[in-house]
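Letter by letter, the chains look like this.
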Amino acid sequence: MLPPAYSALPSRNLPSLPHRARVAVYVVMNIEHFTFGKLGTAIQPHLTSSPEIANYGWRDYGNRVGIWRLFELFAELGIPVTAALNAEMVQLYPPIIEGIRQYGWSVLAHGWNNSTGHSGLARDVEQELIERSLSLLEKVSGSRPWGWLTPGFSVSENTFDLLKAAGIRYTTDWVNDDQPYWFPTAAGPLLGIPYTLEANDISLCLSARLSAEAFAQALIDQFDQLWQDGERSPRIMAIGLHPFIVGQPLRMGSLKKALQHIQSRPQTWLTTGDGLYDWYAQACPAPETP
């Protein structure tokens, strides 16, 4: 596998965003299951005894409590959400799946669960895992997801070829741009829609240990710069969130503050991953391949 070919931003001629927007913002809510007994995202990473229950319980809070606050917040604000959903959630957390349906969140495939990466998998094993995940996620909305985010960015040499062959139209695994782009796979072009490690609650709240207030300000600063850049050419802003982080009581008010700031600015398109694919695929169709 090779990374996407280099492309300098000033050399591009990207069509305008819908509604004459300067920046398109899409919120990705990572809704995840971690296998009990395996280590995962941690607020206190020094706790590693087996079975490790403290960080597991902290993550589990997101599915028990935090997600319901977030359903209500985004409904109140009228902001669309892209749910990066582990397929195993469909079997293990039916009330959350019903909530996704009820609140009309768009579904982005997020692998089987967040304890199962793809790196090092044999091609046939990974192919089966992808197919099993997509088939189960199809039950959420009645159609197969268009997009994919690999759990933990744990890709193999074959991941993108297999995703395209399975019918996936775009991936959010690349975090190297402010604009979408097509990149080649053995099965044809796949669209890369920019995701983020910067405007992401794991980076800001766990790695950087920002306060809730500083977390909100970081999202506002990210947006304001992209909005300014968007005067010259359209920009995409992803916001990566997790119910076990932003669904905690101490961060809800600050998250709302940041979202209201973004929502208040003119020439801003609040959309989903699927919405971005629709716009870009029509404006810049995939290049023809032999």
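Residues numbered from 1 in each chain as written. Predicted model: local features only at pLDDT ≥ 70, side-chain atom pairs only at ≥ 80, totals over all residues. Heavy atoms only, no water.

### Quick word on the overall build of the chain
Note the following rule: Secondary structure elements are defined from DSSP: runs of H or I of at least 4 residues count as helices, runs of E of at least 2 residues count as strands, and each element is numbered from the N terminus. Every radius of gyration here is taken over C-alpha atoms, with the globule rule written as 2.2 Å times N^0.38, N being the number of residues. The buried label goes to any residue with under 20% of its type's maximum accessible area, the exposed label to any with over 50%, and the partly exposed label to all in between, with areas taken from a 1.4 Å probe on protein chains only. Any two residues whose heavy atoms approach within 4.5 Å at even a single point are treated as in contact. Using a 1.4 Å probe, the Shrake-Rupley method yields the accessible areas, and only the shown protein chains count as cover for residues. Note on charges: Lys and Arg go in the positive column, Asp and Glu in the negative column, and His and the chain ends are not counted at all. For charged residues, the charge sits on one atom: NZ in Lys, CZ in Arg, CG in Asp, CD in Glu.
Assigned secondary structure in the chain consists of 10 helices and nine strands. Here the chain has a C-alpha radius of gyration of 18 Å; the compact-globule value for 290 residues is 19 Å, and the two agree. Projected onto the principal axes, the alpha-carbon positions of the chain cover approximately 50 × 45 × 35 Å. The burial tally for the chain puts 54% of its 290 residues in the buried class. Of the contacts made within the chain by residues no fewer than 6 positions apart, 73% connect residues no fewer than 24 positions apart. With the model as given, the accessible surface of the chain reaches about 12800 Å², and the carbon-plus-sulfur share is 52%. Of the charged side chains in the chain, 21 are positive and 27 negative, and the gap between their average positions amounts to 4 Å.

### Regarding the pattern of salt bridges
Put simply, the rule reads: When a carboxyl oxygen of Asp or Glu is within 4 Å of a side-chain nitrogen of Lys or Arg, the pair counts as a salt bridge.
Tallied over the full model, the rule gives 11 salt bridges. Between Asp229 and Arg235 there is a salt bridge, with its nearest N and O atoms 3.6 Å apart. The burial state of Asp229 is the same as that of Arg235; both residues are buried. Taken together, the shared-partner salt bridges in this structure form one network comprising Asp178, Asp229, Arg232 and Arg235.

### Here's the deal with a nonpolar patch on the surface
Formally: Like charges are joined within 9 Å and nonpolar side chains (Val, Leu, Ile, Met, Phe, Trp, Tyr) within 5 Å, but only among residues with over 30% relative accessible area and no salt bridge; these make up the patches.
A cluster of nonpolar residues, Phe153, Val175 and Leu197, forms a patch on the protein surface that exposes about 230 Å² of accessible area. Tracing the backbone shows Leu197 in the loop between strand 7 (190-192) and helix 6 (201-207).

### With respect to the pairing of strand 2 (residues 81-85)
For the record, the criterion: Pairing between strands is defined by DSSP: at least two bridges between them are needed. Whether a crossover is right-handed depends on one test, that the path from the first strand over the helix to the second runs clockwise when the strands point away from the viewer.
Burial of strand 2 is extensive: five of the five residues sit out of reach of the surface. Of the two faces of strand 2, the one lined by Val81, Ala83 and Leu85 and the one lined by Thr82 and Ala84 are each fully buried. The sheet contact formed by strand 1 (residues 23-31) and strand 2 spans five bridges and is parallel. Each residue of the ladder has a partner; that of Val27, found in strand 2, is Val81. In this view, the connection linking strand 1 to its parallel neighbour strand 2 by way of helix 1 (residues 54-77) has right-handed handedness. Bridging between strand 2 and strand 3 (residues 106-109) involves four bridges; their strand directions are parallel. Among the inter-strand pairings, Thr82 is bridged to a residue of strand 3, identified as Ser106.

### Remarks on the packing of aromatic side chains
Put simply, the test is: Any two rings among Phe, Tyr and Trp, with Trp reduced to its six-membered ring, count as a pair given centres within 6.5 Å; such a pair is stacked if its planes are under 30 degrees apart, edge-to-face if over 60, and tilted if neither.
Using the criterion set out here, one finds 17 aromatic pairs in the structure. With 6.2 Å between their ring centres and 85° between their planes, Phe74 and Trp105 make a pair best called edge-to-face. Of this pair, Phe74 sits in helix 1 while Trp105 sits in the loop between helix 3 (94-103) and strand 3, placing them 31 residues apart in sequence. For the pair formed by Phe74 and Trp105, the shared burial category is buried. Connected via pairs of aromatic rings, a cluster forms that spans Trp146, Tyr170, Trp182, Tyr277, Trp279 and Tyr280.

Without other data, these values stay purely geometric and don't point to any function.
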